[in-house]
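Now for the letters of each chain:
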Amino acid sequence: MENKLGKYLFMGPLLQLLQKGEFFARMVGVMLQVLAALVVLGSLATIFKAGKVMFDLHPSGIMGGIMYQLFYILAVYAVAHTLLIRAQDITNLKDEEFYALPIAAYLTRLIGEIYAAFVALTAIGGGIFVWFTGQPVGKIMSPVPFMFPVPKNPDFMGGIELIISGILLATASIIATYLLAELLTALSRVTSVRKNVSTGPRQIADHRSGQSRFG
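Residues numbered from 1 in each chain as written. Predicted model: local features only at pLDDT ≥ 70, side-chain atom pairs only at ≥ 80, totals over all residues. Heavy atoms only, no water.

A. Examining the overall build of the protein more closely. Counting its secondary structure elements, the protein contains 6 helices and 0 strands. Each helix and strand of the protein, ordered N terminal to C terminal, gives the series α-α-α-α-α-α. Looking at the 215 residues of the protein, the share that counts as buried comes to 33%. Put simply, of all contacts in the protein between residues at least 6 apart along the chain, 76% involve residues at least 24 apart. When the accessible area of the protein is evaluated, it comes to approximately 13600 Å², of which 69% is carbon and sulfur surface. (Helix = DSSP H or I, 4+ residues; strand = E, 2+ residues; numbered from the N terminus. Buried < 20%, exposed > 50% of the residue type's maximum accessible area, 1.4 Å probe, protein only. Contact = heavy atoms within 4.5 Å. Areas by Shrake-Rupley, 256 points an atom, 1.4 Å probe, with all protein chains shown as cover.)

Below you can see the structure in the form of structure tokens.
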């Protein structure tokens, strides 16, 4: 009865496919490609909203709004392009026994890369916006993204604080995520080496036993 039902149910075959490294890597790659498209589509609403705010600014502040828009568009491009690059890297991974750890290492790097690209570029644009308008960056960036630096005062020094804080956070995220990714890569290599070492003596023993049987 269970064998007959298995022909019409999909979880069994799906779980078997997930155990294959090639399929798992391709699935993650496709998800990252979809995420890149969603990032671009989702950014359109923010761009249009920022455009409305920009036209309500005084003439000297419009240039600051334009500069912010340019840096924001550049940040969205950097995030989307990074997602596509890492999606291709993960899809091209070799089909090995241990595949989840290498993929996790790529995803860890990806988190740091997209956060660094977005925060650094948007912080620069936000700092220029503060310089030209004397208004907080939340005026044009609403809501303010999580873990995004916000200066206390919307003045010249506040703009400098925003830019420096964004660059420092971007650098720290790259260092932290790359370090974690290297630890995952090292763990993957150690696991592979232990697997090879444990199977090596067993293969030699099987070979010797075969020689003793057949002379």
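B. Quick peek at the packing of aromatic side chains. The full count for this structure, using the stated rule, is 4 aromatic pairs. Geometrically, the ring pair formed by tyrosine 72 and phenylalanine 118 is edge-to-face, given 6.1 Å between the ring centres and 80° between the ring planes. Of this pair, tyrosine 72 sits in helix H4 (residues 59-91) while phenylalanine 118 sits in helix H5 (residues 100-133), and the two are 46 residues apart along the sequence. In this structure, arginine 109 packs its charged tip against the face of tyrosine 178, placed 5.6 Å from the ring centre. (Phe/Tyr/Trp six-rings, centres within 6.5 Å; stacked < 30°, edge-to-face > 60°. Lys NZ or Arg CZ within 6 Å of the ring centre and 35° of its normal.)

C. Here's a closer look at the pattern of salt bridges. Going through the model one piece at a time under the given rule, you end up with 2 salt bridges. Between aspartate 89 and arginine 86 there is a salt bridge; the shortest N-O distance is 3.1 Å. Linking aspartate 89 with arginine 86, this pair stays in helix H4, spanning 3 residues, or about one helical turn. Arginine 86 sits in the buried class, given a relative accessible area of 14%. A salt bridge links glutamate 113 to arginine 86; the nearest nitrogen and oxygen atoms lie 2.5 Å apart. Of this pair, glutamate 113 sits in helix H5 while arginine 86 is found in helix H4, placing the two residues 27 residues apart along the sequence. No difference in accessibility class separates glutamate 113 from arginine 86, as the two residues are buried. When salt bridges that share partners are traced, they join Arg86, Asp89 and Glu113 into one network. (Salt bridge = Lys/Arg side-chain N within 4 Å of Asp/Glu carboxyl O.)

D. Inspection of the side chain of threonine 177 at higher detail. Mapping threonine 177 onto the fold places it in helix H6 (residues 156-214). Accessibility expressed as a relative area gives 13% for threonine 177, which makes it buried. A polar contact of 3.3 Å, which involves the side chain of threonine 177, links it to the backbone oxygen of isoleucine 174. Leave out the neighbours within four places in its chain, and threonine 177 touches Thr108, Arg109 and Gly112. (Polar contact = N/O pair within 3.5 Å; in protein donor to acceptor, adjacent residues only side chain to side chain.)

E. Representation of a nonpolar patch on the surface in the model. A cluster of nonpolar side chains, namely Val30, Val34, Leu35, Leu38, Leu41, Leu44 and Phe48, defines an oily patch on the protein surface of about 660 Å² accessible area. In this fold, phenylalanine 48 is placed in helix H3 (residues 21-55). (Patch = residues over 30% accessible without salt bridge, like charges linked within 9 Å, V, L, I, M, F, W, Y side chains within 5 Å.)

F. Seen up close, the nonpolar core. Among the nonpolar cores identified, the biggest contains 34 residues, and Leu32, Tyr68, Ile140 and Phe148 are the most heavily contacted of them. At the level of secondary structure, the elements contributing two or more residues to this core comprise H3, H4 and H5. Counting residues per element, this core draws most heavily on H4, which supplies 11 residues. When residues no more than four places from it in sequence are discounted, the contact partners of leucine 32 are Leu83, Arg86, Ala87, Ile90, Leu107 and Leu110. (Core = buried A, V, L, I, M, F, W, Y, C linked by side-chain atoms within 4.5 Å.)

G. Fine view of the environment of proline 145. Among the secondary structure elements, proline 145 is positioned in the loop between H5 and H6. Residue classification places proline 145 among the partly exposed residues on the basis of a relative accessible area of 28%. The spatial distance from the C-alpha of proline 145 to the C-alpha of valine 119 is 9.2 Å, given a sequence separation of 26 residues.

H. Region of interest: the side chain of arginine 109. Along the chain, arginine 109 turns up in helix H5. One buried charge, arginine 109, has no salt-bridge partner; the nearest side chain with opposite charge is glutamate 182, at 5.5 Å. Not counting chain neighbours up to four residues away, the residues in contact with arginine 109 comprise Arg86, Thr177, Tyr178, Ala181, Glu182 and Thr185. (Lys, Arg positive; Asp, Glu negative; His and termini not counted.)

I. Quick peek at the packing of H4 against H5. With their axes 7 Å apart at the nearest point, H4 and H5 run at an angle of 175° to one another. Put simply, H4 runs roughly antiparallel to H5. A per-class count over the contact of H4 with H5 returns 23 nonpolar, 9 polar and 4 charged. (Axes fitted to C-alpha atoms, helices over the stretch in contact; angles between N-to-C directions. Parallel < 35°, antiparallel > 145°, perpendicular 65-115°, else oblique. Nonpolar A, V, L, I, M, F, W, Y, C, P; charged D, E, K, R; others polar.)

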